[in-house]
Amino acid sequence: MATLPGGIQGLYPEALSPEQLEKLRGFKIQTRITNEKYLRTHKEVELLISGFFREMFLKRPDNIQEFAADYFTDPRLPNKIHMQLIKEKKAA
């Protein structure tokens, strides 16, 4: 049985004590809050992901992994995101 951060032990949630379950619940909630704050302050993440999905659904590639690698390594991508951020700030 492994010891996880915060002293939580066990391989399965049902193996956790009530106190451990409460710690785990609190950790999950705090992680979601932290992630949400990060995403709200970094609009470029939303633009990257939505742009990727938009292109993927339009092109419907057979090899998703290769398409993703090409999409995220495109040297023009940072400029595209930057221009979208400027456009959204002007619209606000």
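Residues numbered from 1 in each chain as written. Predicted model: local features only at pLDDT ≥ 70, side-chain atom pairs only at ≥ 80, totals over all residues. Heavy atoms only, no water.

- Named according to an unreviewed UniProt entry, the chain is RIIa domain-containing protein 1 originating from Physeter macrocephalus.

## Quick word on the overall build of the chain
Thinking step 1. For the chain, the count of helices and strands is four helices and two strands.
Thinking step 2. Helices and strands in the chain line up, N terminus first, as β-β-α-α-α-α.
Thinking step 3. Within the chain, buried positions represent 16% of all 92 residues.
Thinking step 4. Accessible area for the chain stands at about 7900 Å²; split by element, carbon and sulfur atoms hold 60% of it. (Helix = DSSP H or I, 4+ residues; strand = E, 2+ residues; numbered from the N terminus. Buried < 20%, exposed > 50% of the residue type's maximum accessible area, 1.4 Å probe, protein only. Areas by Shrake-Rupley, 256 points an atom, 1.4 Å probe, with all protein chains shown as cover.)

## Quick look at the packing of aromatic side chains
Thinking step 1. The final tally for this structure, using the stated rule, is seven aromatic pairs.
Thinking step 2. Relative to Phe 57, the ring of Phe 53 has its centre 6.1 Å away and its plane inclined at 20°; by these criteria the two rings are stacked. Taken together, the residues Phe 53 and Phe 57, both in helix 2 (residues 43–59) and four residues apart, mark about one turn of the helix.
Thinking step 3. Phe 57 sits in the partly exposed class, given a relative accessible area of 48%.
Thinking step 4. What links up through ring pairs into an aromatic cluster is the set Phe 52, Phe 53, Phe 57, Phe 67, Tyr 71 and Phe 72. (Phe/Tyr/Trp six-rings, centres within 6.5 Å; stacked < 30°, edge-to-face > 60°.)

## What about the environment of Glu 46?
Thinking step 1. Mapped onto the elements, Glu 46 comes out in helix 2.
Thinking step 2. As a C-alpha pair, Glu 46 and Ile 81 span 35 residues in sequence and 9.9 Å in three-dimensional space.

## Here's the deal with the confidence of the model for the chain
Thinking step 1. For the chain, mean pLDDT is 89; residues scoring 70 or higher make up 85% of the total.
Thinking step 2. The spread of mean pLDDT over the elements of the chain runs between strand 2 (residues 8–9), the lowest at 56, and helix 3 (residues 64–72), the highest at 97. (pLDDT = per-residue confidence, 0-100.)

## Things to note about the nonpolar core
Thinking step 1. Counting eight residues, the largest nonpolar core is built from Leu 47, Phe 52, Met 56, Phe 67, Ala 68, Tyr 71, Leu 77 and Ile 81.
Thinking step 2. Counting only elements with at least two residues in this core, the list comes to helix 2, helix 3 and helix 4 (77–91). (Core = buried A, V, L, I, M, F, W, Y, C linked by side-chain atoms within 4.5 Å.)

## What about the pattern of salt bridges?
Thinking step 1. In the structure shown here, the tally under the stated rule is eight salt bridges.
Thinking step 2. The shortest N-O distance in the salt bridge between Lys 43 and Glu 88 comes to 3.6 Å. Residue Lys 43 is located in helix 2, and its partner Glu 88 is located in helix 4; the two are separated by 45 residues in the primary sequence.
Thinking step 3. Taking relative accessible area as the criterion, Lys 43 reaches 29% and is therefore assigned partly exposed.
Thinking step 4. Here Asp 74 ties to Lys 80 by a salt bridge, and the two come within 3.8 Å at their closest N and O atoms.
Thinking step 5. Salt bridges here are not isolated pairs; linked through shared partners, they connect Lys 43, Glu 46 and Glu 88. (Salt bridge = Lys/Arg side-chain N within 4 Å of Asp/Glu carboxyl O.)

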